[in-house]
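# Breakdown of the fold
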Amino acid sequence: MTLKLKPLHPLFAAEAGGVDLRKPLDEQVVREIDAAMDRHAVLVFRGQPLEQAEQVALARYFGPLDAGLRKATGAPTRFNYDELIDIGNVALDGSVAERENTKLIGVLANQLWHADSTFQDVPVKYSMLSAVVVTEEGGETQWADLRAAWDALPEKTKRHVEGRTGRHSAFHSRIGLGDDKYTDEQLKRFAPVERPLVHVHPGSGRKVLYPSVHIDRVSGLTVPEGRLLVAELLEHATQPEFVYTHTWRAGDYVMWDNRSTLHRGRRYDLTARRDLRRTTTLERDAVRAVA
Ligand code: OGA
Ligand code: MN
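Notes on the structure follow.

The next point concerns empty space enclosed by the protein. A water-sized probe, rolled over the atoms, reveals where empty space remains. In the structure shown here, the tally under the stated rule is two cavities of 30 Å³ or more. What the largest cavity holds in volume is close to 150 Å³. As for the largest cavity, its lining consists of 16 residues, of which Ile87, Asn110, Thr141, Gly265 and Arg274 are closest to the centre. Sort the elements by how many residues they give to the lining of the largest cavity and strand β15 (residues 261-265) lands first, with three residues.

Two modes of strand pairing occur in sheets, parallel and antiparallel, and in both the strands are linked by backbone hydrogen bonds. Strand order in the open sheet formed by three strands is β9-β8-β12, and the pairing between neighbours is antiparallel. Edge positions in the sheet fall to β9 (193-196) and β12 (215-218), since each has one partner strand and no second. Between one strand axis and the next, the sheet turns through 35 degrees on average, direction left out of account. Note that strand β8 (residues 165-168) and β12 share three bridges and pair antiparallel. Counted as the bridge partner of His168 is Ile215 from β12.

This paragraph deals with the site of ligand 1. As a matter of local geometry, ligand 1 sits amid Ile87, Asn110, His114, Asp116, Leu129, Glu140, Thr141, Trp256, His263, Gly265, Arg274 and Arg278. At 2.5 Å, a side-chain N or O of Arg278 approaches an oxygen atom of ligand 1. Bound to the protein, ligand 1 loses 98% of the 290 Å² it would expose on its own. Taken atom by atom, the bulk of ligand 1 overlaps the largest cavity. A class-by-class count of the residues in the shell around ligand 1 yields three nonpolar, five polar and four charged.

Procedures and definitions
- Residues numbered from 1 in each chain as written.
- Chains lettered and ligands numbered in written order.
- Predicted model: local features only at pLDDT ≥ 70, side-chain atom pairs only at ≥ 80, totals over all residues.
- Heavy atoms only, no water.
- 1 Å grid on protein atoms, 1.4 Å probe; cavity = no way out; pocket = protein on both sides within 12 Å on 5 of 7 lines; lining within 4 Å.
- Points joined across faces, edges and corners; volume = space filled by probe spheres on them.
- Helix = DSSP H or I, 4+ residues; strand = E, 2+ residues; numbered from the N terminus.
- Pairing = 2+ DSSP bridges.
- Axes fitted to C-alpha atoms, helices over the stretch in contact; angles between N-to-C directions.
- Near = heavy atom within 4 Å.
- Polar contact = N/O pair within 3.5 Å; in protein donor to acceptor, adjacent residues only side chain to side chain.
- Areas by Shrake-Rupley, 256 points an atom, 1.4 Å probe, with all protein chains shown as cover.
- Sits in = over half its atoms within 2 Å of the grid points.
- Nonpolar A, V, L, I, M, F, W, Y, C, P; charged D, E, K, R; others polar.

This is the structure we're talking about:
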């Protein structure tokens, strides 16, 4: 065993060491990381500053890469690779983005509980964030353990939820934040996707409660009933006992499984530079609703 693991929370999340992520990974280490992801769902590597090319090469060990919402918005990027997703508040010219810069809407929407890209047809698996510049205050990222959330759900609620699907829509949370100027073409490009509100996590065989801020309706319920149910399930799943909070240091590299966790960023002073870069892998054996 090359990978060294130290739990960061009683239920999930571990600090991982013993590997240099800038060097090529051998197959055995990739398998160990996959196994640790199945068990812990969030892995934190410290002291691993990565160049753009290194970050993309590293992510490819874990599957084909996704380019995120830029596929629909066509927004320009400050990176050399389409596979690097910009999570910071840095403008194209390298300055801290002005408050009115439209790219900040995505940054702000990330402060709502979600799993990445559940609104797209092809589901994603891991997301991996590399911290280049972090803020002194705020800007933490939190993850919630959705397997523990399912286990702790009252039986009656389990019965109410199981068998239902949620409709995940790319623009729902953004529209909720007042960003509603999408063209029909953009809206069509990301038609909503139905996913079960409860699924089985392939790597651990455990059941997962799967609410998200991306869900705009729930099968078998009216729109307001569905939205209230999602709010109730989010409140349940994100209770402090299910949540790990990560305080970033530059050089941190955090991987998480989007099929078994939710995450959100915390508020920070938008005039302070925050430069975080994400890669996300596509899932090969998709968990899809048979609605
Ligand atoms: C993400 C995300 C939250 C944050 O990278 O997908 O939601 O803290 N990040 O920036
Ligand atoms: Mn995210």
